Amino acid sequence: MSHPICVTCGVQYAEARPDCPICDDERQYVGWGGQRWTTLADLRAAGHRGRVEEEGPGIVGIGAEPKTAIGQRALLVRTPQGNVLWDMITHLDDDLVRQVRDLGGVASIAISHPHFYGTMIEWSRAFDAPVFIHEADRRWVARPDDAVTFWTGDTLEIADGLTLINAGVHFAGGQVLHWRDGEDGRGALLSGDILQVVMDRDWVSFMYSYPNLIPERPRVVRRALRLLEPYPFARVYGAFWGRVVQADGKQAVRRSADRYLEHALDDGPV
């Protein structure tokens, strides 16, 4: 409980340090008041608690109130073969552990990118679950542990019908999770903010940095589309509460990419 947590990004570190490399990177930022730290004990004492609500068929959202750091919520994918926790939050307490156990626990954890690493080792130990992270993001792991499994390549099936895809948007190791059996067999894509479900929830966007508004490179977006092409999905579950493309998810990603590339590559006369 004494491991330091960056207040701005919510990532827990193995030991005290003066800086947060994740926030020092140009894709994030150091809080305007300077680098600040907290701990799980401090968050609990401040009154943070878990929030557990259904986000879709077979998918339960797990977050915190009041929100911490970036404010994302994780998603628990419930399957007969065991539950997968997609993405991560910072908060964890005994009551939240109990609620998740009542839902069947966690068989494995996979996290889209470093901004959402949160307290992944605390969660891993609470549920004796491995954490899957792409090798390309190894250097960003702030609390190394044997529970972390680094994988390479473009795709990895971590359970029957649950496939990690290294889309590579936002971070080189940025990954999304495809659930073949989601949405009554039509498929679901859990995208974190690798493919960000925007406020107009019929669309997604692709950014190298969201807070600093740095667009992603077109070649990276095109590669992601190629990797997603074999996978059908009716819904896209983004990183935040309610950020869900409810229908025609694959078409929404395709037309969003077309729109993005049209704007990004426009080099016509002024």
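Just so we're clear, the structure is a prediction, and the values are computed from it rather than from any experiment.

Some remarks on the overall build of the protein chain
When helices and strands are tallied, the protein chain shows seven helices and 19 strands. Relative to the globule expectation of 18 Å for 270 residues, the C-alpha radius of gyration of the protein chain, 18 Å, shows essentially globular dimensions. Along the three orthogonal principal directions, the C-alpha set of the protein chain runs to about 55 × 45 × 30 Å. Of all 270 residues assigned to the protein chain, the portion counted as buried reaches 57%. The contacts of the protein chain with a sequence gap of at least 6 include a subset with a gap of at least 24, amounting to 57%. For the protein chain, the computed accessible surface area is about 11800 Å², with 48% contributed by carbon and sulfur atoms. For the protein chain, the separation between the mean place of its 29 positive charges and that of its 37 negative charges on side chains is 1 Å.

Focus: the environment of Asp193
Following the sequence through the fold, Asp193 ends up in the loop between strand 13 (188-192) and strand 14 (196-197). Separated by 38 residues in sequence, Asp193 and Thr155 have C-alpha atoms that sit 18 Å apart. Each residue touching Asp193, except ones within four places of it in the same chain, is listed here: His113, Phe116, His170, Tyr210 and Ala239.

Observations concerning helix 7 (residues 249-264)
Over its 16 residues, helix 7 runs 22 Å from end to end, which matches the ideal 22 Å to within 8%, given 1.5 Å per residue. Every buried residue of helix 7 is listed here: Gly249, Ala252, Val253, Ser256, Ala257, Tyr260 and Leu261. Viewed along the axis of helix 7, the buried residues span an arc of 155°, placing them on a single side of the element. Where the residues of helix 7 are buried, they touch strand 15 (204-205), strand 17 (214-215), helix 6 (218-228), strand 18 (235-238) and strand 19 (244-245).

Topic: the sheet that holds strand 11 (residues 162-165)
Taken together, the six strands give an open sheet; going across it, the order is 10-11-12-13-18-19, and neighbouring strands pair in mixed fashion. The open sheet has two free edges, formed respectively by strand 10 (155-159) and strand 19, since each of these has just one partner strand. In this structure, strand 13 lies alongside strand 18, joined through four bridges in parallel fashion. Its bridge partner lying in strand 18, Gly192 is registered against Gly238.

Quick word on the pairing of strand 18
Where burial is concerned, the two faces of strand 18 agree: the one with Arg235 and Tyr237 and the one with Val236 and Gly238 are both buried. Strand direction decides the pairing type here: strand 18 and strand 19, joined by two bridges, are antiparallel. Across the sheet, Tyr237 pairs through a bridge with Val244, a residue of strand 19. The hairpin formed by strand 18 and strand 19 contains five residues between the paired strands, and Gly242 there has a positive phi angle of roughly 80°.

Considering the side chain of His115
Inspection of the secondary structure assignment puts His115 in the loop between strand 7 (108-110) and helix 4 (120-127). In this structure the side chain of His115 is engaged in a polar contact, spanning 3.4 Å, whose partner is the side chain of His170. Once you skip the residues sitting within four places of it in the chain, His115 turns out to touch Cys9, Val11, Ile22, Arg27, Gln28, Ile70, Gln72, His170 and Phe171.

A look at the pattern of salt bridges
One pass over the full model with this rule turns up 18 salt bridges. The partner of Arg98 in a salt bridge is Asp102, and the shortest N-O contact between them spans 3.2 Å. Here Arg98 and its partner Asp102 are both found in helix 3 (residues 94-102), four residues apart, which amounts to about one turn of the helix. Relative accessible area serves as the criterion here: at 58%, Asp102 is assigned to the exposed category. One network of salt bridges, with partners in common, ties together Arg49, Arg51, Glu53 and Glu65.

The rules behind these values
- Throughout, residues of each chain are indexed from 1 in the direction in which the sequence is written.
- Owing to the predicted nature of the model, reporting of local features is limited to residues with pLDDT of at least 70; listing and counting of side-chain atom pairs is limited to 80 or more, with chain, interface and lining totals taken over all residues.
- By convention in this description, side-chain values take in all heavy atoms of the structure and omit both hydrogens and water.
- Runs of E in the DSSP output that reach at least two residues are strands. Runs of H or I that reach at least four are helices, and both are numbered from the N terminus.
- C-alpha atoms define the radius of gyration, and 2.2 Å times the number of residues to the power 0.38 defines the globule rule.
- Think of it in three bands: residues with accessible area under 20% of the maximum for their type are buried, residues over 50% are exposed, and the middle band is partly exposed, with areas taken using a 1.4 Å probe on protein chains only.
- Contacts: residue pairs with any heavy atoms within 4.5 Å of one another.
- For the accessible areas, the method is Shrake-Rupley and the probe is 1.4 Å, while residue cover comes only from the protein chains on display.
- Think of it this way: Lys and Arg go in the positive column, Asp and Glu in the negative one, and His and the chain ends go nowhere.
- Charged groups are reduced to one reference atom each: NZ for lysine, CZ for arginine, CG for aspartic acid, CD for glutamic acid.
- Multiplying one less than the number of residues by 1.5 Å gives the expected span of a helix.
- By arc we mean the arc of the directions from the helix axis to the C-beta atoms, nothing more.
- Think of it this way: DSSP has to see at least two bridges between two strands before they count as a pair.
- In protein, a polar contact means a hydrogen-donor-capable atom and an acceptor-capable atom, both N or O and within 3.5 Å, with residues adjacent in sequence counting only if both atoms are side-chain atoms; elsewhere, any N or O pair within 3.5 Å suffices.
- Here, a salt bridge means any side-chain nitrogen of Lys or Arg that lies within 4 Å of a carboxyl oxygen of Asp or Glu.

Everything listed here is a matter of coordinates, which is why it stays silent on function.
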